[in-house]
Amino acid sequence: MMAISCKSVTRRYANGTEALGPVDLEIREGEFVSLLGPSGCGKSTLLRIIAGLDASSTGSVAVGAHARSSRGIGFVFQEPTLMPWACVRDNVRLPLRLTGDDSPAGRTRVDELLGRVGLREFAEAYPRELSGGMRMRASLARALVTDPDILLLDEPFAALDEITRFRLNDDLLTLWRDLRKTVVFVTHSVFESVFLSQRVIVMTARPGRIFTEHRIDAPEPRDESFRTSAPYAGFCREVSALLGQASVADGGRVA
Amino acid sequence: MMGQDREPARAMSQPDRPLPKTLRVLLPVIVFALLMGIWEATVRLRGIPPYILPAPSLIVQTLVKDWGILFASLLTTLRSTLEGFLAAVVGGVGLALLFSRARWVEDAFLPYAVILQVTPVIAIAPLLLVYLPQHLAVVACAWIVAFFPVLSNTLLGLKSVDRNLAGLFTLYDASPAQKLWWLRLPSALPYIMGGLRIAGGLSLIGAVVAEIAAGSAGSGSGLAFRIAEAGYRLDIPRMFAALALLSAAGIVIYAGLSAASYLVLRHWHESAMEGD
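From a predicted model like this one, the values you see are computed outputs, not experimental measurements. (Residues numbered from 1 in each chain as written. Chains lettered and ligands numbered in written order. Predicted model: local features only at pLDDT ≥ 70, side-chain atom pairs only at ≥ 80, totals over all residues.)

Asks: Whenever I open this one, the overall build of chain B confuses me. Can you help?
Replies: When its secondary structure is counted, chain B shows 11 helices and zero strands. Mapped from its N terminus to its C terminus, chain B presents α and β elements in the order α-α-α-α-α-α-α-α-α-α-α. For 276 residues, the compact-globule formula gives about 19 Å, and the C-alpha radius of gyration of chain B, at 24 Å, lies well above that figure. Each of the three principal axes of chain B carries a C-alpha extent, and together these read 75 × 75 × 30 Å. Scored against the burial criterion, the 276 residues of chain B give a buried share of 37%. Counting only contacts in chain B whose residues sit at least 6 apart along the sequence, the fraction spanning at least 24 positions is 74%. (Helix = DSSP H or I, 4+ residues; strand = E, 2+ residues; numbered from the N terminus. Rg over C-alpha atoms; globule rule 2.2 N^0.38 Å. Buried ≥ 20, exposed ≤ 12 C-beta atoms within 10 Å, placed from the backbone. Contact = placed C-beta atoms within 7 Å.)

Asks: Could you clarify how one ought to interpret the sheet that holds strand S2 (residues 18-28) of chain A in this entry?
Replies: Consider a sheet: its strands pair through backbone hydrogen bonds, and that pairing is either parallel or antiparallel. Residues and elements named next belong to chain A. Spatial ordering of the open sheet is given by S2-S1-S4, a layout of three strands whose pairing is antiparallel. Unpaired on one side and paired on the other, S2 and strand S4 (58-63) mark the two borders of the sheet. Shown here is a sheet whose adjacent strand axes are inclined to one another by a mean of 15 degrees, direction ignored. Across seven bridges, strand S1 (residues 2-12) lies against S2 in antiparallel orientation. When the bridges of S2 are listed, Val9 appears paired with Val23. (Pairing = 2+ DSSP bridges. Axes fitted to C-alpha atoms, helices over the stretch in contact; angles between N-to-C directions.)

Asks: What's the story with the interface of chain A and chain B in this structure? I'm lost.
Replies: Accessible area lost upon the coming together of the parts serves often as the stated size of an interface. At the junction of the two partners, chain A supplies 16 residues and chain B supplies 15 residues. For the side of chain A that touches chain B, the per-class residue count stands at 11 nonpolar, three polar and two charged. (Nonpolar A, V, L, I, M, F, W, Y, C, P; charged D, E, K, R; others polar.)

Asks: When you look at the environment of Phe226 of chain A in this model, what are you seeing that I'm missing?
Replies: Residues and elements named next belong to chain A. Looking at where Phe226 falls in the secondary structure, it is placed in helix H7 (residues 224-227). What makes Phe226 partly exposed here is the crowd of 17 C-beta atoms within 10 Å. On a C-alpha basis, the gap between Phe226 and Thr174 in space is 14 Å, while along the polypeptide they are 52 residues apart. Phe226 has contacts with Phe195, Ala218 and Tyr232, leaving out every residue within four places of it along the chain.

Asks: Where do I start with helix H1 (residues 43-51) of chain A in this structure?
Replies: Since one α-helical turn is 3.6 residues long, residues separated by three or four positions face the same way. Residues and elements named next belong to chain A. The buried count for H1 comes to nine of nine residues, which makes it a mostly enclosed element. Every buried residue of H1 is accounted for by Lys43, Ser44, Thr45, Leu46, Leu47, Arg48, Ile49, Ile50 and Ala51. Two residues or fewer past H1, Gly52 is found with a positive phi of approximately 85 degrees.

Asks: So what exactly am I meant to see when it comes to the environment of Ser160 of chain B here?
Replies: Residue and element names in this part refer to chain B. Position of Ser160 among the secondary structure elements: in the loop between helix H7 (134-159) and helix H8 (163-171). Judged by the 13 C-beta atoms lying within 10 Å of it, Ser160 falls in the partly exposed class. Each C-alpha atom of the pair Ser160 and Arg184 lies 8.6 Å from the other, and the pair is 24 residues apart in sequence.

Asks: Help me understand the packing of helix H4 (residues 67-101) of chain B against helix H5 (residues 103-118) of chain B, please; the structure alone is not making it clear to me.
Replies: Angle between the axes and distance between the axes: these two values describe a pair of packed helices. Residue and element names in this part refer to chain B. Contact geometry of H4 with H5 gives a least axis separation of 6 Å together with a crossing angle of 135 degrees. Between H4 and H5, the crossing angle belongs to the class labelled oblique. Touching Leu98, Phe99 and Arg101 of H4 are Val105, Glu106, Phe109 and Leu110, all from H5. Tallied by class, residues from the contact of H4 with H5 come to five nonpolar, no polar and two charged. (Parallel < 35°, antiparallel > 145°, perpendicular 65-115°, else oblique.)

Asks: Explain unusual backbone geometry here, please?
Replies: Excluding glycine, residues mostly have negative phi values, and the peptide bonds linking residues are mostly trans. Between Glu220 of chain A and Pro221 of chain A the backbone carries a cis peptide bond, its omega angle lying at 0 degrees. For Leu234 of chain B, which is not a glycine, the phi torsion comes out positive at approximately 55 degrees. Here Leu234 of chain B shows up in the loop between helix H10 (223-232) and helix H11 (236-265). For Leu234 of chain B, a count of 9 C-beta atoms within 10 Å translates into the label exposed.

Asks: Even after reading the chapter, I still don't get the sheet that holds strand S8 (residues 199-203) of chain A, so can you show me in this structure?
Replies: Residue and element names in this part refer to chain A. Taken in spatial order, the six strands line up as S5-S6-S7-S3-S8-S9 in an open sheet, and their pairing is mixed. Each edge of the open sheet carries a strand with a single partner, namely strand S5 (73-76) and strand S9 (210-215). The mean inter-strand angle of the sheet, taken between neighbouring strand axes irrespective of direction, is 15 degrees. Sheet topology places strand S6 (residues 150-154) next to strand S7 (residues 182-187); five bridges connect them, and they run parallel. The residue bridging Leu151 from the neighbouring strand is Val183, located in S7. Packed onto the sheet, helix H4 (residues 132-144) meets S5 and S6 and runs at close to 165 degrees relative to S5. Packed onto the sheet, helix H8 (residues 230-249) meets strand S3 (32-36), S8 and S9 and runs at close to 175 degrees relative to S9.

Asks: What exactly am I supposed to notice about the pairing of S1 of chain A here?
Replies: On any regular strand, side chains alternate: one points to one face of the sheet, the next to the other face. Residue and element names in this part refer to chain A. Between S1 and the antiparallel strand that follows it, S2, lie five residues; Gly16 among them carries a positive phi value of about 95 degrees. Pairing of S1 with S4, which is carried by five bridges, proceeds in the antiparallel orientation. Looking at S4, one finds that Ile4 is bridged to Val63.

Asks: Can you walk me through the nonpolar core in this structure?
Replies: In a soluble, globular protein the nonpolar side chains are often hidden away together inside. If you look at the biggest cluster of nonpolar residues, it comprises 81 residues, and the most contacted ones within it are Leu36, Phe75, Ala141, Leu152 and Val184 of chain A. The element that contributes the greatest number of residues to this core is H4 of chain A, accounting for six residues. Residues Ala140, Trp143, Leu204 and Leu246 of chain B belong to the second largest nonpolar core, which totals 58 residues. (Core = buried A, V, L, I, M, F, W, Y, C linked by C-beta atoms within 7 Å.)

Asks: Which parts of the structure should I look at to understand the pairing of S5 of chain A?
Replies: All names here are of chain A. Taking every second residue as pointing to the same face, both faces of S5 are buried, with Ile73 and Phe75 on one and Gly74 and Val76 on the other. Summarising the sheet, S5 and S6 pair through four bridges and their orientation is parallel. In the strand pairing of S6, Phe75 is matched with Leu152.

Below, the structure is given as structure tokens:
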């Protein structure tokens, strides 16, 4: 059963620029997939099209039945994108309120997720009182609060320092292992994509197409020791080489 | 010698160090006292007659002596100001919401809001007094000058909603009402509060302008009318006393709206943060 399937998806901007595609992509339920590509290759656009935040120009995107409901997809943006006027708890609770869920179970879930991302003591704090990493954790908790089938992340940790990024990578893997969501993770970091995913989709420069994909057949659960292992270094070398080829491939033309 | 040279150099290297809080409050008070002192001394030493320039002490005496009539007039003016201000808030925010619904509404009506704003209100006031009952004309003047900053600030605020936050609301199928109350209005709030702070002072100006226009027609009861009336009678001290009351009213309005803005935004907006 496919969680997400894209068929010949393209995106052309109003000014005629071809931003994306055509892209064919199938993602299995419970899979962790990274979209890796150079800046401006349209990988974020593809993610937004899957989420329904952008429309494709041609082609179609199909998601599983539950994911089609308003609560079926969680999205984490590049910025934490929290409401500055609301405390952390209200920010995490927002998707529940928007979908009309005022149940005690929902409120329990908010607190449980705050605990999971280590923000229990900061539930009443306002976003500006938090560090960048903590804001991102709040954003993660918010994306998970409706218990979606699919979690889409758009370079969520790109603006964070490396130590914080590593820690959030670990946390994300733990969440994925526990909750078994289908995860699509957009990144321009080879290391991040190798560390996190089961499958890395390498995209070409604009217009973004799928150049190739690479399986990361590393044992799970992955933790800090994987980051320093020889297989990890090997995967990184292979994926880097593919990304290098992809950025000059550009659908037949040389970029 | 060298030690002396170094002192001013170091002082100049930190020109913007904030003053201690007590001094920051005290400083304008000291300046005020100083100016009043100079004024008082000049009037007394030069023997300037009160119908040319009354001394501050005489103005205070007049304020006390005429308190009954001046305070009643102040209340009249404040009432018009408040009504004009509230109408400006409702009208400004309401029009902005209407304008933001559809681009063509803004294109069609914004120019008229601008025309109303750029036409000097002192020129509109006599006309309004012809067509409207006096109190209503005064309120209308206050509204005309005060609504535009609310309108333009609110419009700007409604347009500065975070794009991704808006995307998030779309993702969860938020209703238009949810988007309005939980996203667009809170996003616009810092801008709206900025508009209100400007509008508060302007509605006082609008009310006073209309009262002056009404006063020159020989009727009215507001504080500005008292100024005009006292002017005809060459009662200069009372003119100054009424003016002092108007200034005080303006200061209180501004301070009150600033405090309201701080209370509303203190948790989250940069403008309301304590400098640290």
